[in-house]
Every structure is written in C-alpha cells, then in structure tokens.
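Commentary on secondary and tertiary structure
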Amino acid sequence: MSGAASASAWRGPAKLVLKRTGLALVTLVLVSAVIFTISGLLPGDAAQELLGQGATPEQIAALRQEMGLDRPAVVRYFEWLRGIALGDPGQSLVANKPVAEIISERLPNTLTLAGLTTLFSVPIAFLIGIASAVSRGKGTDRALNIATLAMVALPEFLVATIAVLVFSVKLLWLPSITIVPQDPTLWEFLRAYAMPVMVLGVGVIAQLGRMIRAAIIAELDRPYVEMARLKGVSQRRLIFRHVLPNAVGPIVNAMALSLSYLFGGAIIVETIFSYPGLASLMVNAVTSRDMPLLQACAMLFCATYLLLVLIADTVAILANPRLRQG
Amino acid sequence: MTVSGILRATRALPLSGKIGLALVLFWIVIAIVGPFIAPYPPGSFANEEVFAGASSQFWLGSDFLGRDVLSRLLSGARFTVGLSALAVAIAASIGTGIALTAAVGPRWVDELLSRSMDTLISIPSKIFALVLVAAFGSSLVLLTLIIAITYVPGNFRIARSLAVGLAQLDFVEVARARGEGRLYLALSEVLPNMIRPLFADIGLRFVFIVLLLSGLSFLGLGLQPPDADLGSLVRENTSGLAEGALAIMAPAAAIASLTVGVNLLIDAATQGKVQ
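Residues numbered from 1 in each chain as written. Chains lettered and ligands numbered in written order. Predicted model: local features only at pLDDT ≥ 70, side-chain atom pairs only at ≥ 80, totals over all residues. Heavy atoms only, no water.

1. Here we look at the overall build of chain B
We apply this condition: Only DSSP runs of H or I reaching four residues or more are called helices, and only runs of E reaching two or more are called strands; each is numbered from the N terminus. Residue contacts are counted whenever heavy atoms from the two residues lie within 4.5 Å of one another. Two residue types count as positive, namely Lys and Arg, and two as negative, namely Asp and Glu; His and chain ends fall outside the count. Positions of charges follow a simple convention, taking NZ of Lys, CZ of Arg, CG of Asp or CD of Glu.
Across its full length, chain B holds 11 helices and zero strands. Across chain B, helices and strands are ordered from the amino to the carboxyl terminus as α-α-α-α-α-α-α-α-α-α-α. Its C-alpha atoms give chain B principal-axis dimensions of about 75 × 50 × 30 Å. Residue pairs at least 24 apart in sequence account for 69% of intrachain contacts in chain B once pairs closer than 6 positions are excluded. With 18 positive and 17 negative side-chain charges, chain B shows a spacing of 9 Å between the two charge centroids.

2. A short note on the overall build of chain A
Operational definition: Remark: exposure states derive from per-residue accessible area (1.4 Å probe, protein chains only) relative to the maximum for the residue type, with buried under 20%, exposed over 50%, and partly exposed in between. Accessible areas in this description were obtained via Shrake-Rupley with a 1.4 Å probe; residue shielding takes into account the shown protein chains only.
The helix and strand inventory of chain A stands at 13 helices and zero strands. Reading chain A from its N terminus to its C terminus gives the helix and strand order α-α-α-α-α-α-α-α-α-α-α-α-α. The C-alpha extent of chain A, read off along each of the three principal axes, is 85 × 60 × 35 Å. Residues counted as buried form 44% of the 326 residues belonging to chain A. Counting contacts in chain A only where the partners sit at least 6 residues apart, residues at least 24 apart contribute 71% of the total. On chain A, roughly 16500 Å² of surface is accessible, and the fraction owed to carbon and sulfur atoms is 65%. Across chain A, 26 positive and 19 negative side-chain charges occur, with their mean positions spaced 19 Å apart.

3. Focus on the packing of aromatic side chains
All names here are of chain A. Using the following cut-off: Pairing of aromatic side chains here covers Phe, Tyr and the six-membered ring of Trp, requires ring centres within 6.5 Å, and sorts the geometry by plane angle: under 30 degrees stacked, over 60 edge-to-face, intermediate tilted.
Counted by the stated rule, this structure contains eight aromatic pairs over all chains. Note on Y77 and F78: the rings are 5.1 Å apart at their centroids and 65 degrees apart in plane angle, and the pair reads as edge-to-face. Of the aromatic side chains, those joined through ring pairs into one cluster are F36, Y77, F78 and W80.

4. Quick word on the confidence of the model for chain B
All names here are of chain B. Stated precisely, the cut-off is as follows: A residue's pLDDT is simply how confident the predictor is in it, with values from 0 to 100.
Scored by pLDDT, chain B comes out at a mean of 86, with 98% of its residues at no less than 70. Ranking the elements of chain B by mean pLDDT puts helix α1 (residues 3–12) last with 81 and helix α6 (residues 140–150) first with 92. The complex model carries a pTM of 0.87, and its ipTM stands at 0.84.

5. Topic: the packing of helix α5 (residues 99–134) of chain A against helix α6 (residues 139–152) of chain A
Residues and elements named next belong to chain A. In plain terms, the rule: With axes taken as lines fitted to C-alpha atoms, and helix axes fitted only over the stretch in contact, angles between N-to-C directions fall between 0 and 180 degrees. Here the word oblique covers every angle except those under 35 degrees (roughly parallel), over 145 (roughly antiparallel) and from 65 to 115 (roughly perpendicular). Under the scheme applied, nonpolar residues are Ala, Val, Leu, Ile, Met, Phe, Trp, Tyr, Cys and Pro; charged residues are Asp, Glu, Lys and Arg; polar residues are all the others, including Gly.
At a closest axis distance of 8 Å, the pairing of α5 and α6 adopts a crossing angle of 140 degrees. One way to sum up the angle between α5 and α6 is to call them oblique. On α6, the residues touching I128, A131 and S132 of α5 are D141, L144 and T148. Class assignment for the residues of the contact of α5 with α6 results in three nonpolar, two polar and one charged.

6. Overview of the pattern of salt bridges
Residue and element names in this part refer to chain B. For clarity, the threshold we go by: Each salt bridge in this description consists of a side-chain nitrogen of Lys or Arg and a carboxyl oxygen of Asp or Glu lying within 4 Å of one another.
Applying the stated rule across the entire model yields 17 salt bridges over all chains. Ionic pairing is found between R176 and E173, a salt bridge with its closest N-O pair at 3.9 Å. In this pair, R176 and E173 both sit in helix α8 (residues 170–177), three residues apart, roughly one turn of the helix. Relative accessible area serves as the criterion here: at 32%, R176 is assigned to the partly exposed category.

7. Examining the interface of chain A and chain B
Heads up, the condition is: Buried surface area refers to the total accessible area, computed with a probe of radius 1.4 Å, that the two partners give up upon joining, counted for both partners together.
On the chain B side, the residues contacting the 47 residues of chain A number 42 residues. Counting each side, the surface lost to burial between chain A and chain B is near 3700 Å², with a carbon and sulfur contribution of 81%. Here chain A and chain B share one salt bridge between them. A salt bridge links A:E156 to B:K126, with the nearest nitrogen and oxygen atoms 3.7 Å apart.

8. Some remarks on unusual backbone geometry
Omega for the peptide link from B:P225 to B:P226 comes to 10 degrees, which places this bond in the cis form. Position of B:P226 relative to the elements: it lies in the loop between α9 (182–218) and α10 (230–236). Residues other than glycine seldom take positive phi values, yet A:S274 does so here, at roughly 45 degrees. The residue A:S274 is located in the loop between α11 (248–272) and α12 (278–287) in this model. Residue classification places A:S274 among the partly exposed residues on the basis of a relative accessible area of 48%. One non-glycine residue, A:R289, adopts positive backbone phi at about 50 degrees. Along the polypeptide, A:R289 turns up in the loop between α12 and α13 (291–319). A residue is classified by how much of its surface remains accessible, and A:R289, at 28% relative accessible area, is partly exposed.

9. Regarding α6(A)
We apply this condition: What a helix is expected to span follows from its residue count: subtract one and scale by 1.5 Å.
Across its 14 residues, α6(A) extends 20 Å between first and last C-alpha, which sits within 8% of the 20 Å expected from 1.5 Å per residue. Looking at α6(A), one finds that the buried residues are A:D141, A:N145, A:T148, A:L149 and A:A150. Where the residues of α6(A) are buried, they touch α5 and α8 (186–220) of chain A together with α11 (246–270) of chain B.

10. A few points about the confidence of the model for chain A
Residue-level pLDDT values for chain A average 84, and 91% of them are 70 or greater. Mean pLDDT across the elements of chain A bottoms out in helix α2 (residues 46–51) of chain A (67) and peaks in α5(A) (91).

11. Observations regarding helix α1 (residues 11–39) of chain A
Between its terminal C-alpha atoms α1(A) stretches 42 Å, which fits the 42 Å expected from 29 residues at 1.5 Å a residue. Considered for burial, the residues of α1(A) that qualify are A:P13, A:V17, A:A24, A:T27, A:V31, A:S32, A:V34, A:I35, A:F36, A:I38 and A:S39. Residues of α1(A) that are buried make contact with α4 (73–85) and α13 of chain A together with α4 (107–121) and α5 (125–136) of chain B.

12. Topic: the state of the cysteines
All names here are of chain A. Selection criterion: By disulfide we mean two sulfur atoms from cysteines, separated by a distance within 2.5 Å.
In total, this model carries zero disulfides over all chains according to the counting rule given. Here C297 is not cross-linked by a disulfide; its sulfur's nearest cysteine counterpart is in C302, at 11 Å. On the basis of relative accessible area, C297 is assigned to the buried category, the value being 1%.

13. Some remarks on the nonpolar core
Put simply, the rule is: We define a nonpolar core as any set of buried Ala, Val, Leu, Ile, Met, Phe, Trp, Tyr and Cys residues linked to one another through side-chain atoms lying within 4.5 Å.
Formed by 142 residues in total, the largest nonpolar core has its most connected members in A:M282 and B:L216. What B:L216 contacts, discounting residues up to four positions off in sequence, is B:A129, B:L130, B:V133, B:L143, B:I147, B:L221 and B:G222. Counting 20 residues, the second-largest nonpolar core is a separate cluster that includes A:I217, A:L244, A:I251 and A:A254.

14. So, a nonpolar patch on the surface
Residue and element names in this part refer to chain B. Under the convention used in this document: Patch building starts from residues that exceed 30% relative accessible area and form no salt bridge, then joins like charges within 9 Å and nonpolar side chains (Val, Leu, Ile, Met, Phe, Trp, Tyr) within 5 Å.
Side chains of L25, I28, V29, I32, V33, F36 and I37 sit close together on the surface and give an oily, nonpolar patch of about 680 Å² of accessible area. Here L25 is to be found in helix α2 (residues 15–37). With relative accessibility at 47%, the residue L25 sits in the partly exposed group.

In structure tokens:
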C-alpha cells in the first residue's frame, strides 16, 4: 500500500473487487429464491392461517385475492424481491405492521450487541492467537488449544447459565435479564450489556483465536521469517511488523466468519436474556409462522453474511501487493 | 482394524484425546442403557419440592415440576445422541454422494452442483434451519431431516475437494482407461481413499448438529413434548435461571461434555496430520 503506486497498478485489484461484488449480488438473489421457495412450500397459506379452521372456502378465496396470493408464485417472488430491494418487505401477518417498521425498531439493538461483542472479543482473540502461535507446540500453546477447543463446543445456554450463576446469583453484580434503561449513563449501559456480550464473546474469541493462530503459523514457516530472525529482528517486531501485515488476508477472512457466527449465537443469547434484537424477532416469526417477517429477517442475515465475506475479500485483495503489479 | 490395533491407537492418544474418547463412549452407553437405569420414570412427580438441590435420593435435584432431573437426563440423552448421529449420517451420505457425483461426472454436472451448494452455504446454518422449521414444522422425522439438510452443503464442500483431488490421480485414470463405469470409479476407487479425512469432518459436523438440535429444542422449535432431549430440559427449566438451578445447569453441562468430548477426540486423532 505504498503511496507511490501509480493509478494503473490498482486496476487489477479494482477489477477483482468488482467481480466479487457482482458474484455476491448474484448469490444473494439465488439465496432469496431459495428462501422464498422454502417458506412458500408450507401446506396451506397465509390466508388460511389468518382465518383459522372455521373459515369458509369463499372467505379464504376472498382474502387470498386481497393479499394477492392467487397470483402465480413467480410474479409474487419478483414483487417480494423488488420490495426487499426497495426496503419494503411487506406487512407482518401477526403484528399487522409493516415489516420494515418492526425491523427498524430492533436493528439498532442487534447492531449494538454485535458491535460491543466485536470490540470485546477481537483484541482477546488476537492475544490468544499470537500467544499460542509464538509458543507453538509448547505448554502455553497446548493449554490454549484445549481451552479454545472446548470453548468452541460449549452451547451458549450453558455459558449463559454459568454467567448468571456467577455474576447475578453469587456475586450480585449484574442483572440476569438485559434491560437497557432510557438515556443510560455509561455505567448503566455497560452493566446492562456485560452479560450478553461476555456469553456471545466466548464462542467468537475461541473460534477467531484459533484461526488467527493458524494464519500466523502459516506465515512463520515462510523463508522471510527465518531471514528476519537471522538478521536479529526481535520477536515482538517480527510478529507485528513482518508477520501480521502478511497475514492480513486470512485474518480478515477469519474475522468475517466469526462475526457471522455471532449472528447465529445471538439467536440463543437474545432469547435467554430477553433482549429485543433481530435474532429473537426471527425466532418469534418462526413460532408464529409470520412468513413475511421471517423472510425479511432471513434475507437480512444472509445479506449481512455475504457483505462481511465481501469486505474480507476486498481487504485481502487490496492488502496483497502481488495483485497490484498489473 | 484389529482389537490390538485399536488398543494401540488409543494408548497413543494424548491425555486430552483419552478424556475425549472416554466422554464419547460414556454418552454412547448412556444413550443405549439410559432409560433402563433411570431411578424414576421420567414423567413422574417424584419430589414435592421444585428446583431442589442435589441429594442422595435425587442426585441432580428436581426440575420445575418436581420431577427427577437425573431420570429425565438419562432419557433425554437418547434423543440428543441418537437423532444427531442419525442426522449426521444422513447429511454425510447425501453430501458425499453428491460430491462423488460431481467428482466423476461430466464437467457441467460438477459446475451445476458446486454452484447450487455455494448458494446454500451462504445461508448461515441456524438461519437455514429456522426457515425450514417454519415451513415444515418439527415432527421427529422432519426435524432429523431438516438438521441433516442444513449440514449437507458443508459436508459436500469438504468431500468434493477430497474427491476431485483423488479423481485426478493415476490409479483412477487407469481404472477409467480400463473402461470402468462412473459408479465403480466413485465407490471402489475414490470413496475408500477419502474415508479417513471424511471421518474427521463428520465428527466436527456431529458437534455442530448436537448444538443446533439442542439450540432448536431450547428455543421450543425442536423436539416437542412429551419427547424431550437435553435442549428441551434446559428450556423447561429456564424459570430456574435466575436462581442458577441445578435442573438447568445439569442438562446444559451434559450437552457440553458430549460436544467437548468429541472435539477433544477429533483434535487428538488428527494431530500431526492437520496443523
């Protein structure tokens, strides 16, 4: 990323990034088709669901027409897709409000939880990854390997239960459900979020830490590292100036993967702490079979996942000087 | 593998691997004999006190209705272990079957299958499972199939990369030149050589499946009463969360001991081969 690189040198990477963006968009459209098809396969449709068992066929037919369910599936799919793209994914069947409105109430909560968990987990994951990579094969590395291996396999509700037991029941430090007061002070804010962030962080830290270790170790085996060592470069300088910049590609990829894991983990954590985020909204949509809401939530999660992967790809491409020689 | 061979392999495992193996064997045994050694019928209201602590009569205390937690856990483990094992077997059969088809089939078949699986893999597995449950419901059979289907794309990706690598090797080329059919190539030449790495993948996927199944049951979207797996037991007793009841801790810890055990075993068994 030297400033002296001429504009033409960036043409190669720019083309590649553009291609990846196009590919991600195509995938997103295919994903939308899958989600729409699966959620439209259910026996009986929304009209029947709304009117219940006692409805006459005429009533159902009338409501179907009103809701536009009597039109061919392909037409309905494209209308739905257009709605999603324009930010209007339809009307919630249960809440009788626009889906967009419900989601926009919850989205800030989920983003806050995800953001705080990222801020909390990423530095710890780096510490674990670097500490185990530099002590490869030794005691520290082996202990961290076992610890992260176990942490990855822990169900979120066990971590949550232990956290509640320790911090609210025994120590009486934190509340066992997450209620964020209006206009919280910084202290109230941190107290409210401490528990869900810790619980969500455990899996992210373990997974990301393991992948960072793997990325660093792959670099440590390269000849330039040996060269630097022979020149007498200190361990600290070696890791931070030589190895980490070269491992940026795999590390941002690992971060994208663990952050998308975070959205899956949020499903359990939001439910257990009664936290009003998007993931628990989606669970409610499944329970009440509110398909428009469910489809919109699913699309939002898939789009976020694809966006994270795309950002990681872009960073990896831009950070790789070999693609810039053009 | 002979009995002495298995013993030697076991002895060669590091301590963490032995612990993992012991945990895995323990849960297999419990899944088989659990209901027979339960001290109380799982549905009986054995204790008058709800959320009782551990005692000599109720080793793991009582749940939110005063039922014996140990007995319910012993019966629930069968569902968690059994359904997950069944689901992972289905996922691996379908995933690997499609992967072999892609590896020995014409190029356009590989292209088509790989593209479709790439699409499915970009739907996070928990989200995919939720959409499927919403569409189809969660009877025992459907739940197993849904969880299996959720993990087909992941298994496909691993199995395909293994199979494509093998399909280009000389011994497969020779068989192809001999005029062997595609089915023979897939099953007799390629498949036997990918079994070992495939097993590591199946083990990891089993862990994901146990966590997904318990997670769904915890959300009330998995097993439906009166059936109860370990995740359902956690859900039933969430009202005891604020007091940190043993009834919620025990089944959650049971799930963890199973998943951590499998993870430790796989890590130990593949060490040296995978860095």
